[in-house]
Amino acid sequence: MREVAGWLKLPVETTISRLFKEVTEKQISQLESVPHKLRGQIWRKANRAGVSKVGLNPVQWVDIDSTVDSVCGTQEGAAKGYNPKKKGALSYHPQLAFWAGSKEILQAWFRTGSAYTSNGVVEFVKQLLAHLPNKTQLIIRADSGYFVGALLDLLDAHKHGYLIKVKLKNLIVLLTGQQWTAIAGQPDWEQCAFGYRCGEWKVTRRFVAVRRKQLKEKSPQADLLETSEYDYDYFCYVTTESFTPWQTHKKYGERATCETWIEESKGQMGMGKIRTADFLANAALFHCAILAYNTLRWMAIMSGSQTLRQWEPE
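Residues numbered from 1 in each chain as written. Predicted model: local features only at pLDDT ≥ 70, side-chain atom pairs only at ≥ 80, totals over all residues. Heavy atoms only, no water.

J.: So what exactly am I meant to see when it comes to the overall build of the protein here?
T.: When you go through the protein residue by residue, the secondary structure sums to 10 helices and 12 strands. Dimensions along the principal axes, computed over C-alpha positions, put the protein at roughly 80 × 50 × 40 Å. Across the 314 residues in the protein, those meeting the buried criterion constitute 44%. Accessible surface for the protein amounts to roughly 17,500 Å². Of this, 54% is attributable to carbon and sulfur atoms. The average position of the 41 basic charges and that of the 31 acidic charges among the side chains of the protein differ by 6 Å. (Helix = DSSP H or I, 4+ residues; strand = E, 2+ residues; numbered from the N terminus. Buried < 20%, exposed > 50% of the residue type's maximum accessible area, 1.4 Å probe, protein only. Areas by Shrake-Rupley, 256 points an atom, 1.4 Å probe, with all protein chains shown as cover. Lys, Arg positive; Asp, Glu negative; His and termini not counted. Charge placed at Lys NZ, Arg CZ, Asp CG, Glu CD.)

What follows is the structure, encoded as structure tokens:
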């Protein structure tokens, strides 16, 4: 780093800390755009060198997810929110978008811990679309926290696709009334597809679902009104894609790798783990970790080695 930056020696920690604490909101916005600018250069070089065509694919899958970073102390912007591992603890709640084809972090926002999963996701995706080539069609894949009508409206308006898990209060009642068919080669599994318009929606969208049959647990008290010895686990998605319900279910399952990448960027690259008491300084450190993570991904892409592309940052 000293040689790349042209420094005579590395600054001491207090000097670096002071510089980060002078960061402004405008500079945070500029840091958010740095990976987009560098990515374009990397993709062009990779294409010319013949080591990767990742930027040329006309359809790209993008995984959007959020993660919780618990804090100890009174860091600015840390707040109580959704925190399944440390309930009631103060935390930050960053939001990230991953390029499924290359494991890159396309875009990231550093948010307070009280932010709900989908808070700001429409503006987040608008910013993402503004930085990507117009000819690229995205398919956004996300969990039920992003089942938001405004997000679907935005993607429909720009002719992008989506595969998002459904979250509705009356979901089980809705699914129970559908026509289910057995899935070939998958014992105890059934599938269905139907059109549905939620209350605030202006259009009907395609819903697909699968369910798995399983034996009910025996109750010590017999229920005279019980008519079935089976229960069902339901999985429902709203999507623009023409997959069968079972194919959709399997395709959604691939987003689990996105959660692995989040853990790699947090645990191995220090994303959100290096902190000061200042929110903007922490945001700047967060984006530096994003840039470090992406730099390793870009180096792996340019190497042309499939082995290096599979390696974790560590």
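From this point, the narrative continues.
J.: Explain the nonpolar core to me, please; I cannot follow it from the model alone.
T.: It is characteristic of soluble globular proteins that their nonpolar side chains tend to be buried jointly. Counting residues in hydrophobic clusters, the biggest one holds 39 residues, and the most contacted among them are Val62, Val125, Phe207 and Val238. No other element matches the 5 residues that helix α4 (residues 121-131) contributes to this core. Once you skip the residues sitting within four places of it in the chain, Phe207 turns out to touch Phe147, Val166, Leu168, Cys192, Ala193, Phe194, Tyr196, Cys198, Trp201, Cys236, Tyr237 and Val238. If you look at the next biggest cluster of nonpolar residues, it comprises 24 residues, including Phe20, Tyr92, Met271 and Ala281. (Core = buried A, V, L, I, M, F, W, Y, C linked by side-chain atoms within 4.5 Å. Contact = heavy atoms within 4.5 Å.)

J.: Help me out: how do you make sense of the packing of aromatic side chains in this one?
T.: How two aromatic rings sit relative to each other is set out by the distance from centre to centre and by the angle between their planes. Per the counting criterion, the structure on display carries 19 aromatic pairs. With a centroid separation of 6.5 Å and 90° between ring planes, the pair formed by Phe98 and Tyr293 is classed as edge-to-face. With Phe98 in strand β5 (residues 95-99) and Tyr293 in helix α9 (residues 279-303), this pair connects stretches of sequence that are 195 residues apart. Given the relative accessible area of 0%, Phe98 is considered buried. A residue is classified by how much of its surface remains accessible, and Tyr293, at 1% relative accessible area, is buried. By the ring-pair criterion, three or more aromatic residues cluster together here, those being Phe147, Phe194, Tyr196, Trp201 and Phe207. The aromatic ring of Trp61 is capped on one face by Lys251, whose charged end is 4.9 Å from the ring centroid. (Phe/Tyr/Trp six-rings, centres within 6.5 Å; stacked < 30°, edge-to-face > 60°. Lys NZ or Arg CZ within 6 Å of the ring centre and 35° of its normal.)

J.: Where do I start with the pattern of salt bridges in this structure?
T.: Opposite charge on two side chains makes pairing possible when the charged atoms of those side chains draw close. Here the structure, examined in full by the defined rule, presents 15 salt bridges. For Arg255, the salt bridge goes to Glu259, with nearest N and O atoms at 3.2 Å. Residue classification places Glu259 among the partly exposed residues on the basis of a relative accessible area of 38%. One salt-bridge network, in which partners are shared between bridges, spans Asp63, Arg141, Lys251 and Glu254. (Salt bridge = Lys/Arg side-chain N within 4 Å of Asp/Glu carboxyl O.)

J.: Explain the sheet that holds strand β11 (residues 205-215) to me, please; I cannot follow it from the model alone.
T.: Two modes of strand pairing occur in sheets, parallel and antiparallel, and in both the strands are linked by backbone hydrogen bonds. Within the open sheet, the 9 strands sit side by side as β6-β5-β1-β7-β8-β12-β11-β10-β9. Their pairing is mixed. The two strands at the open ends of the sheet, each matched to only one other strand, are β6 (104-109) and β9 (181-182). Looking at chain direction, strand β8 (residues 161-165) and strand β12 (residues 230-239) are connected through 3 bridges and run antiparallel. Note on β12: the bridge partner recorded for Ile164 is Val238. Relative to the sheet, α4 contacts β1 (59-66), β5, β6 and β7 (137-142), its axis offset from that of β6 by approximately 135°. (Pairing = 2+ DSSP bridges. Axes fitted to C-alpha atoms, helices over the stretch in contact; angles between N-to-C directions.)

J.: I'm lost on the sheet that holds strand β3 (residues 79-80) in this one. Help?
T.: The strand order across the open sheet formed by 3 strands is β2-β4-β3, and the pairing between neighbours is antiparallel. Across the chains shown, the open sheet's two edge strands, defined by having one partner strand only, are β2 (69-70) and β3. Pairing analysis gives 2 bridges linking β3 to strand β4 (residues 90-92), with the strands arranged antiparallel. Bridge pairing in β4 places Lys80 opposite Leu90.

J.: What's the story with the packing of helix α3 (residues 25-49) against α9 in this structure? I'm lost.
T.: To characterise two packed helices, one gives the angle between the axes of the helices and the distance between these axes. Where α3 contacts α9, the axes come no closer than 10 Å and their chain directions differ by 5°. Compared by their axis directions, α3 and α9 come out roughly parallel. Counting all contacts with α3, which are made through Glu25, Ile28, Leu31, Glu32, Val34, Pro35, Leu38, Arg39, Ile42, Lys45 and Ala46, the residues of α9 involved are Leu280, Ala283, Ala284, His287, Leu291, Asn294, Trp298, Ile301 and Met302. Across the contact of α3 with α9, the residue classes tally to 14 nonpolar, 2 polar and 4 charged. (Parallel < 35°, antiparallel > 145°, perpendicular 65-115°, else oblique. Nonpolar A, V, L, I, M, F, W, Y, C, P; charged D, E, K, R; others polar.)

J.: Explanation requested: the environment of Leu96 in the structure shown.
T.: Considering the arrangement of structural elements, one finds Leu96 in strand β5. Placed 45 residues apart in sequence, Leu96 and Val51 show a C-alpha to C-alpha distance of 26 Å. Sequence-distant contacts of Leu96, defined by excluding residues within four places in its chain, comprise Asp63, Ile64, Asp65, Thr67, Ile105, Gln107, Ala108, Phe124, Ile262, Met271 and Ile290.

J.: Can you help me understand the layout of surface pockets in this one?
T.: To find leftover empty space, a probe the size of one water molecule is rolled over the atoms. What the largest pocket holds in volume is close to 610 Å³. Taken together, 23 residues form the lining of the largest pocket, with Ser66, Thr67, Val68, Tyr82 and Pro84 sitting closest to its centre. Elements with a minimum of two residues in the lining of the largest pocket: β1, β2 and α8 (256-267). For the lining of the largest pocket, the element with the highest residue contribution is α8, accounting for 4 residues. Looking at side-chain class alone, the lining of the largest pocket contains 5 nonpolar, 8 polar and 10 charged residues. Of the volumes computed, that of the second largest pocket is approximately 350 Å³. In this structure, the second largest pocket is lined by 15 residues; those nearest its centre are Ile16, Phe20, Ile274, Leu285 and Cys288. With 6 residues, the top contributor of residues to the lining of the second largest pocket is α9. A breakdown of the residues in the lining of the second largest pocket according to their chemical character gives 9 nonpolar, 4 polar and 2 charged. (1 Å grid on protein atoms, 1.4 Å probe; cavity = no way out; pocket = protein on both sides within 12 Å on 5 of 7 lines; lining within 4 Å. Points joined across faces, edges and corners; volume = space filled by probe spheres on them.)

On their own, these measurements won't tell you what the molecule is for.
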